[in-house]
Amino acid sequence: MKAVLFAAGRLKLSDWLLERCQRADLLVAVDAGLSHLLAAGLRPDLLVGDLDSASPEDLAEVAGTPRLVYPADKSRPDLELAFDEVGRRGAREVLVAAALGKRQDHNLTNLLLAAEVQARRRLKLCLAGDGTLVWPLAAGQQLELPLPAGTLFSVIATSRDVRLSLSGARYALSDEELPLGTGLGVSNEVLERARIEVHSGTLLLMVPSDDV
């Protein structure tokens with residue numbers, strides 16, 4: 001099952017995003033992410049969160065939509081609760097739209113959360129927003145980068161003991177370590193049919209994009 005979660009960061013409502021929403025089985029508004037979803041001319045299948053940031057006007061527009069409402073005073077962010085719910089419903093491919101924005105604390109939390117979710121569930125997972133696409137990857141996963149030659153990308157470790165292989169890129173790797181807390185994987189470039197394989201640990205593949 002394919003799910004698209006709309007968070008509350010910055011987002012470009014592009015053809016790229018709308019095509020993926022049309023192919024999705026489940027559209028989820030995560031609190032104030034409801035405004036992005038409605039702006040795209042879409043209707044959510046589900047609302048998740050404490051709903052303290054969604055506007056009363058937007059909530060009234062989707063008054064009949066199923067909701068999972070949580071107390072505002074809670075220990076887990078709305079996006080984490082949404083990940084749990086779509087996982088419970090059997091989603092194997094998840095796109096988080098508007099996952100990144102001006103709040104750097106939220107950005108870092110969402111990125112690390114996505115890496116942890118990937119380590120536990122091995123989803124086909126992508127985060128999009130604020131001009132960036134991010135693919136969290138965990139040990140045992142492979143990805144052929146859906147990127148044309150000349151595209152810049154970065155690979156950043158989110159755990160210790162990350163080892164990976166990377167082909168089709170300016171700086172290739174063969175079962176080599178990517179240390180946590182270094183810039184070793186920043187600003188690589190696709191040559192042709194770049195492909196990454198993660199042997200251990202978790203990492204983020206990050207790409208600048210005009211589509212999000």
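Look a little higher up for the structure.
Residues numbered from 1 in each chain as written. Predicted model: local features only at pLDDT ≥ 70, side-chain atom pairs only at ≥ 80, totals over all residues. Heavy atoms only, no water.

## Topic: the nonpolar core
Using the following cut-off: Throughout, nonpolar core names a set of buried Ala, Val, Leu, Ile, Met, Phe, Trp, Tyr and Cys residues whose side chains join them through atoms within 4.5 Å. Under the scheme applied here, a residue whose accessible area is under 20% of the maximum for its type counts as buried, over 50% as exposed, and between as partly exposed, the area being computed with a 1.4 Å probe on protein chains only. Helix and strand assignments come from DSSP, with helices taken as H or I runs of at least 4 residues and strands as E runs of at least 2, each series counted from the N terminus. Contacts are residue-level and defined by heavy atoms, with any inter-residue pair within 4.5 Å sufficient.
Membership of the largest hydrophobic core comes to 46 residues, with the highest contact counts inside it found for Phe6, Leu17, Leu145, Phe153, Val155, Ile196 and Leu203. Among the elements that line this core, the one with the most residues is strand 12 (residues 188–200), at 4 residues. Excluding residues that lie within four positions of it along the chain, Ile196 makes contacts with Leu137, Gln141, Gln142, Leu143, Leu145, Val155, Leu164, Ser165, Leu166 and Leu203. Counting 29 residues, the second-largest nonpolar core is a separate cluster that includes Leu26, Leu46, Leu111 and Met206.

## Thoughts on the pattern of salt bridges
Inclusion rule: Salt bridges are defined by distance alone: a side-chain nitrogen of Lys or Arg within 4 Å of a carboxyl oxygen of Asp or Glu.
With the rule as written, the count across this model stands at 14 salt bridges. Of the charged contacts in the structure, one is a salt bridge between Arg163 and Asp175, with a shortest N-O distance of 3.2 Å. In this pair, Arg163 sits in strand 10 (residues 163–169) while Asp175 sits in strand 11 (residues 173–177), placing the two residues 12 residues apart along the sequence. Its relative accessible area of 33% is what places Arg163 among the partly exposed residues. For Asp175, a relative accessible area of 36% corresponds to the partly exposed category.

## Brief notes about a negative patch on the surface
Selection criterion: A residue counts toward a patch only above 30% relative accessible area and without a salt bridge, and it is joined to like-charged neighbours within 9 Å or, for Val, Leu, Ile, Met, Phe, Trp and Tyr, to nonpolar neighbours within 5 Å. For accessible areas, the Shrake-Rupley method is used with a probe of radius 1.4 Å. Any residue's cover is judged against the shown protein chains and nothing else. By the counting scheme adopted, Arg and Lys are positive, Glu and Asp are negative, and His together with the chain ends is not counted. Positions of charges follow a simple convention, taking NZ of Lys, CZ of Arg, CG of Asp or CD of Glu.
There is a patch of like negative charges on the surface, built from Asp15, Glu19, Asp210 and Asp211. Checked against the element boundaries, Asp15 lands in helix 1 (residues 15–23). For Asp15, a relative accessible area of 59% puts it in the exposed group.

## Observations concerning the pairing of strand 13 (residues 202–208)
Applicable threshold: DSSP calls a pair of strands paired once it identifies at least 2 bridges connecting them.
Summarising burial for strand 13: 6 of the 7 residues are buried, a large majority. Where strand 7 (residues 132–138) meets strand 13, 7 bridges bridge the pair, whose relative direction is antiparallel. Across the sheet, Pro136 pairs through a bridge with Leu204, a residue of strand 13. Two strands pair when backbone bridges link them, and strand 9 (residues 152–157) and strand 13 are joined in this way by 4 bridges, in the antiparallel orientation. Within the sheet, the bridge partner assigned to Ala157 lies in strand 13 and is Leu203.

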